[in-house]
Amino acid sequence: MNSNNIFSWVKVAGPGIAICLLTDKEMQSSNSVYFESIFVMLGISYLFNLFSIIKYYPEGMYRLEKVVGDLYLMGYDNGMIYNLLPLCGVSFILSYKKYGKLITKYSIFALFVSLISEFWVMSASGVLQILFLVILLFVLKKERKFITPTFMFSLFFIVSILINVFSIQNEFSWLIVDILNKDLTLTRRTFLWEYAIQVISNNPILGIGFGEKNIIGVYEREYSHPHSMLLDILVKGGVVLMTIFILILNNFSKKFKKSKNIIIKNIIFLVIAVFLIGEVVNSVQYKVFFWSFLVLIEYTEKIKYEKRIEQK
């Protein structure tokens, strides 16, 4: 709505809708092929991507018209996490389904490729997200009443508002500047947030619609998103779209609470939660697996440990 840029919308929404429908279909039948296919597809792609990083870092694999360097076989360094997180999540699910435990050849491979890839390109946010996934996974091997979807989703909104709107990071200059050697604009993201807030204030109900490039940053450069999922949703669809997103998260929380498959529901939940941790200061368009994991919570009881009877 408003922008009438149907092609840009379909280009992003199409794959997201498609993988959600595919997830629904496969979960209702034999889901092993679904998880194995995703693992093989992402595993091979990002193994070759790691080779491209090792060979071409730091210049990058390609030279485009407006971007020089920082681009490899599977995309930008800070964009890899959107597929590496699902790769790790699926590897944990496969490990549990096949062996009844989380650390197996599947998860070791996924964690190795993910951590080395993120470390090699020095993506601080990517490394932190993978580490958060591993740490929280072992914390939640049993029920932990204080770490719930409601708590983590609320934390996402609170932290997003504090950072994106009130720039609370300025209070931690001793950590960001002195220790991490980063600037308080968080690689000039604050300029994008300021512009996005102006856009939202002028179009609060329906936003401005979906377009190729809506946000103006430093040096008048245009971006397709403001590097904040919270602001991105409000820019594109205003309060209406944000309400829909909150309802989706609320539905996830209800399904999570009803599920009795503790291991699987926590794996799915943690992938979503760690996604959102990164989305406080990022928001790429093509995060199809984020939406597919929101669908997976409907099928936790169908994802079970396949006990194998050893032949004598």
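See the structure printed just above.
Here is a short report on the structure shown in this document. (Residues numbered from 1 in each chain as written. Predicted model: local features only at pLDDT ≥ 70, side-chain atom pairs only at ≥ 80, totals over all residues. Heavy atoms only, no water.)

**So, the packing of helix H6 (residues 149-165) against helix H10 (residues 262-279)**
For clarity, the threshold we go by: Axis definition: a line fit to C-alpha positions, over the contact stretch in the case of helices; interaxial angles, taken between N-to-C directions, run 0 to 180 degrees. Comment: elements are numbered from the N terminus, with helices defined as DSSP H or I runs of at least four residues and strands as E runs of at least two. For this classification, under 35 degrees means roughly parallel, over 145 means roughly antiparallel, 65 to 115 means roughly perpendicular, and everything else is oblique. Residue contacts are counted whenever heavy atoms from the two residues lie within 4.5 Å of one another. Polar here means any residue other than Ala, Val, Leu, Ile, Met, Phe, Trp, Tyr, Cys and Pro, which are nonpolar, and Asp, Glu, Lys and Arg, which are charged; Gly is therefore polar.
Two elements in contact, H6 and H10, have axes separated by 9 Å at closest approach and are oriented at 10 degrees. In this view, H6 runs roughly parallel relative to H10, as classed from their interaxial angle. For the pair H6 and H10, contact is made by Pro-149, Met-152, Phe-153 and Phe-156 and by Phe-269, Ile-272, Ala-273, Leu-276, Ile-277 and Glu-279, respectively. Residues belonging to the contact of H6 with H10 are distributed by class as follows: 9 nonpolar, no polar and 1 charged.

**A look at the packing of aromatic side chains**
Definition in use: Pairs were defined over the aromatic rings of Phe, Tyr and Trp, the Trp ring being its six-membered one, requiring ring centres within 6.5 Å. Orientation was assigned from the angle between planes: stacked under 30 degrees, edge-to-face over 60, tilted for the rest. Accessibility here uses a 1.4 Å probe with only protein chains present; expressed as a share of the type maximum, an area under 20% marks a residue as buried, one over 50% as exposed, and anything in between as partly exposed.
Considering all chains together, one arrives at 15 aromatic pairs under this definition. On the numbers, 5.9 Å between centres and 65 degrees between planes, the contact of Phe-39 with Phe-109 is edge-to-face. Highlighted residues: Phe-39 in helix H2 (residues 32-56) and Phe-109 in helix H4 (residues 105-120), separated in sequence by 70 residues. Of the residues examined, Phe-39 reaches a relative accessible area of 12% and is grouped as buried. When the ring of Tyr-99 is compared with that of Tyr-106, the centres are 6.4 Å apart and the planes differ by 40 degrees; the resulting orientation is tilted. On the basis of relative accessible area, Tyr-99 is assigned to the partly exposed category, the value being 38%. With relative accessibility at 14%, the residue Tyr-106 sits in the buried group.

**Re a nonpolar patch on the surface**
Short version of the rule: For patches, a residue must show more than 30% relative accessible area and have no salt bridge; joins then use 9 Å for like charges and 5 Å for nonpolar side chains, namely Val, Leu, Ile, Met, Phe, Trp and Tyr. All accessibility values rest on the Shrake-Rupley procedure with a 1.4 Å probe; residue burial counts only the protein chains present in the view. The working definition used for a salt bridge is a side-chain nitrogen of Lys or Arg within 4 Å of a carboxyl oxygen of Asp or Glu.
A cluster of nonpolar side chains, Val-40, Ile-44, Phe-48, Phe-51, Ile-54, Tyr-62, Leu-64, Leu-73, Met-74, Tyr-76 and Trp-120, forms an exposed patch at the surface whose accessible area comes to about 990 Å². Looking at the nonpolar patch element by element, the count peaks at 5 residues for H2. Topologically, Trp-120 is positioned in helix H4. Residue classification places Trp-120 among the partly exposed positions, given a relative accessible area of 37%.

**Concerning the nonpolar core**
A general trend in soluble globular proteins is that nonpolar side chains are found buried together. Keep this limit in mind: Among the buried residues, those of types Ala, Val, Leu, Ile, Met, Phe, Trp, Tyr and Cys that are joined through side-chain atoms within 4.5 Å form a nonpolar core.
Core analysis: the biggest nonpolar cluster contains 81 residues, and Phe-35, Phe-245 and Phe-252 have the highest contact counts within it. It is H10 that contributes the most residues to this core, 12 residues altogether. Ignoring anything within four residues of it in the chain, the contact list for Phe-252 reads Pro-149, Phe-153, Ile-268, Phe-269, Ile-272, Phe-293, Leu-294 and Ile-297.

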